[in-house]
Amino acid sequence: VVSVMYLLKGDKAYWYNNPIVVLESIFLFFPFIHYQFYSKQINWIACSTFSVYILSTRAYSYLSQLDLYILYSYSYSHYLMIITGIIFAVYIFSILYDKVRLVLFGRLTDNIYNLIEHKILKTQDYIS
């Protein structure tokens, strides 16, 4: 459906706020509703994946230029190997960066969060 939309409408077919893409994402999780997964290693990585998104969007122009340079400078098979290594390196760097951030500032950010949460709950109680 998204491919047909792309052919008919253009670039908006793959946007994250496309209703079809949202429905596809929801339906993707339906088979896993009744399963419970737990892995200490996966959770250790997963709790820092938002930093991968933030750091990669901040470095998007640099990463795009690097990608184009590698694409035009090497054969396609070498490009795939190099870019796969770069993807892993960015992912690992982002996760380690977030782990260091948590060690250095985790207590401070937790205290700020608790303060804000307390103020919001107090305001909600006052409004009620």
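Model, not experiment: these values are computed from the prediction. (Residues numbered from 1 in each chain as written. Predicted model: local features only at pLDDT ≥ 70, side-chain atom pairs only at ≥ 80, totals over all residues. Heavy atoms only, no water.)

(A) Representation of the packing of helix α4 (residues 49-58) against helix α6 (residues 76-127) in the model. Packing of α4 against α6 brings their axes to within 8 Å, and their N-to-C directions diverge by 115 degrees. Taken together, the axes of α4 and α6 are roughly perpendicular relative to one another. The hand of the α4/α6 crossing is right-handed. In this structure, α4 contributes Thr-49, Ser-51, Val-52 and Leu-55 to the contact, and α6 contributes Tyr-91, Phe-93, Ser-94, Ile-95, Tyr-97 and Asp-98. Considered class by class, the residues forming the contact of α4 with α6 number six nonpolar, three polar and one charged. (Axes fitted to C-alpha atoms, helices over the stretch in contact; angles between N-to-C directions. Helix = DSSP H or I, 4+ residues; strand = E, 2+ residues; numbered from the N terminus. Parallel < 35°, antiparallel > 145°, perpendicular 65-115°, else oblique. Left-handed = near helix turned anticlockwise from the far one by under 90°. Contact = heavy atoms within 4.5 Å. Nonpolar A, V, L, I, M, F, W, Y, C, P; charged D, E, K, R; others polar.)

(B) Here's a closer look at the layout of surface pockets. The space that makes up the largest pocket amounts to roughly 250 Å³. Taken together, Val-52, Ser-56, Thr-57, Tyr-60, Leu-63, Ser-64, Asp-67, Ile-83, Ile-86, Ile-87, Val-90 and Tyr-91 make up the full set of residues lining the largest pocket. Contributions of two or more residues to the lining of the largest pocket are made by α4, α5 (60-73) and α6. Classifying every residue of the lining of the largest pocket gives eight nonpolar, three polar and one charged. (1 Å grid on protein atoms, 1.4 Å probe; cavity = no way out; pocket = protein on both sides within 12 Å on 5 of 7 lines; lining within 4 Å. Points joined across faces, edges and corners; volume = space filled by probe spheres on them.)

(C) Fine view of the environment of Leu-55. Tracing the backbone through its elements, the reader meets Leu-55 in helix α4. Taking the C-alpha atoms as reference, Leu-55 lies 10.0 Å from Asp-98; in sequence the two are 43 residues apart. Every residue in contact with Leu-55, bar those within four places of it in the chain, is listed here: Phe-93, Ser-94 and Tyr-97.

(D) Broad picture of a nonpolar patch on the surface. A cluster of nonpolar side chains, namely Val-100, Val-103, Leu-104, Phe-105, Leu-108, Ile-112, Ile-116 and Ile-120, defines an oily patch on the protein surface of about 790 Å² accessible area. If you trace the backbone, Ile-112 turns up in helix α6. On the accessibility criterion, Ile-112 (43% relative accessible area) is partly exposed. (Patch = residues over 30% accessible without salt bridge, like charges linked within 9 Å, V, L, I, M, F, W, Y side chains within 5 Å. Areas by Shrake-Rupley, 256 points an atom, 1.4 Å probe, with all protein chains shown as cover. Salt bridge = Lys/Arg side-chain N within 4 Å of Asp/Glu carboxyl O. Buried < 20%, exposed > 50% of the residue type's maximum accessible area, 1.4 Å probe, protein only.)

(E) Spatial organisation of the confidence of the model for the protein chain. Taken as a whole, the protein chain shows an average pLDDT of 87; of its residues, 95% reach a score of 70 or greater. Averaged over each element, pLDDT in the protein chain is lowest for helix α1 (residues 2-9) (75) and highest for α5 (94). (pLDDT = per-residue confidence, 0-100.)

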